[in-house]
Amino acid sequence: TPTLLWYRRDLRLSDHPAWHAALERGGPVIPVFLKDEGVRMLRTAPAWRLGLGVGHLAETLAEKGSRLILRAGPAEHAISQLVEETGAGAVYWMRAYDPVSVERDTAVKAALKERGVEAESFAGHLMFEPWTVETKQGEFYKVYTPFWRAVKDRDVETPLSTPSDLAPPSEWPESDSLADWALGAGMDRGAEVVRPWVQLGEGAAQSRLGAFMSSKVEGYDDGRDIPSQDGTSNLSENLSLGEITPRQCWHAGVRAEEEGKAGAGTFLQELVWREFAYHLMWHTPRLLYDNWREEWAAFPWNEDERRSEVIAWKRGRTGMAFVDAAMREMYVTGRMHNRGRMIVASYLCKHLMCHWKIGMEWFEDCLIDWDPASNSMGWQWSAGSGPDATPYFRVFNPETQLDRFDKKRAYVNRWIAEGQKSPPDEALAYFDAIPRSWAISPDDAYPDPIVEAGEGRKRALAAYENRDF
Ligand code: FAD
């Protein structure tokens, strides 16, 4: 009987344990992607990037004589329908760890088993399954450094090869058309601007990894903090949709370390930050939607998104050049340098005293590398409400950060057009990407700070000192 290979955030053929298991089982393999509730819930840029990724995967499969069958509807229904139509005896998939997916997958598995259909999930989105890393007391880790120590010497399995024969069936079930799904339709004209920055599919991801290891990793220790330099791997976009696996990255990092390349060790530690985020999300799913430290519910956050400061922050018009440059970088490229992420998050949560959820959701609207675990951990880390977070009283000063990490103003000049005689293309692209209703133009005067660095810091610290927890 055929095996249904249910694709989700694992858009690749290499290092894909579910594919290997399906081929080993024998019989034809029918790859499927569903537009279920989880996909419907995605916000704009992640949905759009997923659409591109799914389209690319469908082409890759077609080149190899297979296909990607698309179906819409609740997963349990769509899968059982396909089992019915194809006579499939097994459904295999790669495991997901967020609470919505876990609930869905548990229900699908139970329903399939009841019908006598084999259902199995495989590990691969992470290197270390979240429940396998425990403290001596049998608890989960809440602090990164001991988590790192617990995993750093573990064996990480060698990545699997790409299957050559994809065992297509002689007859295919019907498929929806991806164009009809209109994933990420809200990108409107912004899509044209962001598209050239996208690196789609597993081939591009492997090239990124190769380029990073051959020319960037040695300068990574310092370069990764300088947002005007392309000093990081940029792999988050591909990791987010499983176009590359963390263990492929890990093994490349270990090889670079063995070759004595500086920076490789730091890269491995960064990959483990991603694992740590998933570890936290798995053990405490509220990381995604509520203060991880529950006492923070009593903090006097501004929660009204319509406030003018929030609008200025989203539009890159706070008058704080580092903040504005980073917010615009995100709008044009669908990505933001990590230093920028920390600075804009600190400015929103501390200087503007706005709830971290407002920022988290805006990132979720704009990022093509959106990842539920890393995004919420990053926001709660920045706000001070998360585990192993930066304390609330440590306020990033967006002006002194500029002197440390953008001394020559290369980054802010790349992204902020206002005030420049001949602004670079990137700065102008911003105005092509944003909705017309924002009514801002490169000829406007650059605004004065909506909240000064010193004044905002004082206000945030006073609120923190007066908190009643
Ligand atoms: P590199 O420096 O090349 O690092 C390699 C990989 O390590 C990354 O691709 C990523 O998978 C992982 N990694 C690095 N730093 C972190 C980190 N701090 N936390 C978790 N994993 C990390 N990352 C996302 O992938 N998606 C998000 O939605 C996201 N939102 C964030 C929000 C905030 C407020 C903050 C402070 C950070 C967020 N990050 C997020 C983490 C980090 O900024 C990005 O992973 C990183 O900038 C991606 O660039 P890169 O691939 O070039 O990273």
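Residues numbered from 1 in each chain as written. Predicted model: local features only at pLDDT ≥ 70, side-chain atom pairs only at ≥ 80, totals over all residues.

Engineer: How would you explain the environment of leucine 34 if you had to name every residue and give the values?
Structural biologist: Among the structural elements, leucine 34 can be located in strand β2 (residues 29–35). Using a count of 23 C-beta atoms within 10 Å as the deciding quantity, one classes leucine 34 as buried. It is 37 Å that separates the C-alpha atoms of leucine 34 and glycine 138, two residues lying 104 residues apart in sequence. Leaving out residues up to four positions away in the same chain, leucine 34 has contacts with Arg71, Ala75 and Ala78. (Helix = DSSP H or I, 4+ residues; strand = E, 2+ residues; numbered from the N terminus. Buried ≥ 20, exposed ≤ 12 C-beta atoms within 10 Å, placed from the backbone. Contact = placed C-beta atoms within 7 Å.)

Engineer: I'd like a rundown of the packing of helix α16 (residues 338–351) against helix α17 (residues 356–366), residues and numbers included.
Structural biologist: Where α16 contacts α17, the axes come no closer than 9 Å and their chain directions differ by 150°. The way α16 lies across α17 gives a crossing that is right-handed. For the pair α16 and α17, contact is made by Ala345, Leu348 and Cys349 and by Trp356, Ile358 and Gly359, respectively. The residue makeup of the contact of α16 with α17, split by class, is five nonpolar, one polar and no charged. (Axes fitted to C-alpha atoms, helices over the stretch in contact; angles between N-to-C directions. Left-handed = near helix turned anticlockwise from the far one by under 90°. Nonpolar A, V, L, I, M, F, W, Y, C, P; charged D, E, K, R; others polar.)

Engineer: Tell me what's going on with the sheet that holds strand β3 (residues 69–72), and back it up with residues and numbers.
Structural biologist: Taken in spatial order, the five strands of this open sheet run β3-β2-β1-β4-β5, and their pairing is parallel. Where the open sheet ends on each side, the last strands, each with one partner, are β3 and β5 (118–122). Adjacent strand axes in the sheet meet at a mean angle of 25° when their direction is disregarded. Relative to β3, β2 is paired through four bridges, and the arrangement is parallel. Its bridge partner being in β3, leucine 34 is matched across the sheet by arginine 71. In the packing of helix α1 (residues 17–25) onto the sheet, the strands contacted are β1 (3–7), β2, β4 (90–94) and β5, and the crossing angle to β4 comes to about 160°. (Pairing = 2+ DSSP bridges.)

Engineer: For the UniProt feature "binding site: FAD" (unreviewed entry) in the protein chain, give the residues involved together with the corresponding values.
Structural biologist: Mapped onto this numbering, the UniProt entry annotates "binding site: FAD" (unreviewed entry) at Tyr220, Thr232, Ser233, Asn234, Leu235, Ser236, Phe267, Asp369, Trp370 and Asp371. For threonine 232, a count of 22 C-beta atoms within 10 Å corresponds to the buried category. Note that tryptophan 370 resides in the loop between α17 and α18 (372–383). Take tryptophan 370: there are 25 C-beta atoms within 10 Å of it, and that puts it in the buried class. (UniProt positions renumbered as here; feature names shortened; annotations may be inferred.)

Engineer: If you had to explain the site of the ligand to someone new, which residues and values would you point to?
Structural biologist: In the vicinity of the ligand lie 27 residues, with Thr232, Ser233, Ser236, Asn375 and Gly378 positioned nearest. Among the elements of the structure, α11 (236–240), α13 (264–283), α16 and α18 are those that each provide at least two residues to the shell around the ligand. A per-class count over the shell around the ligand returns eleven nonpolar, ten polar and six charged. Taken domain by domain, the shell around the ligand gets at least three of its residues from each of domain 2 (126–155 + 200–283) and domain 3 (294–465). (Near = placed C-beta within 6 Å. Domains from an automatic or database assignment.)

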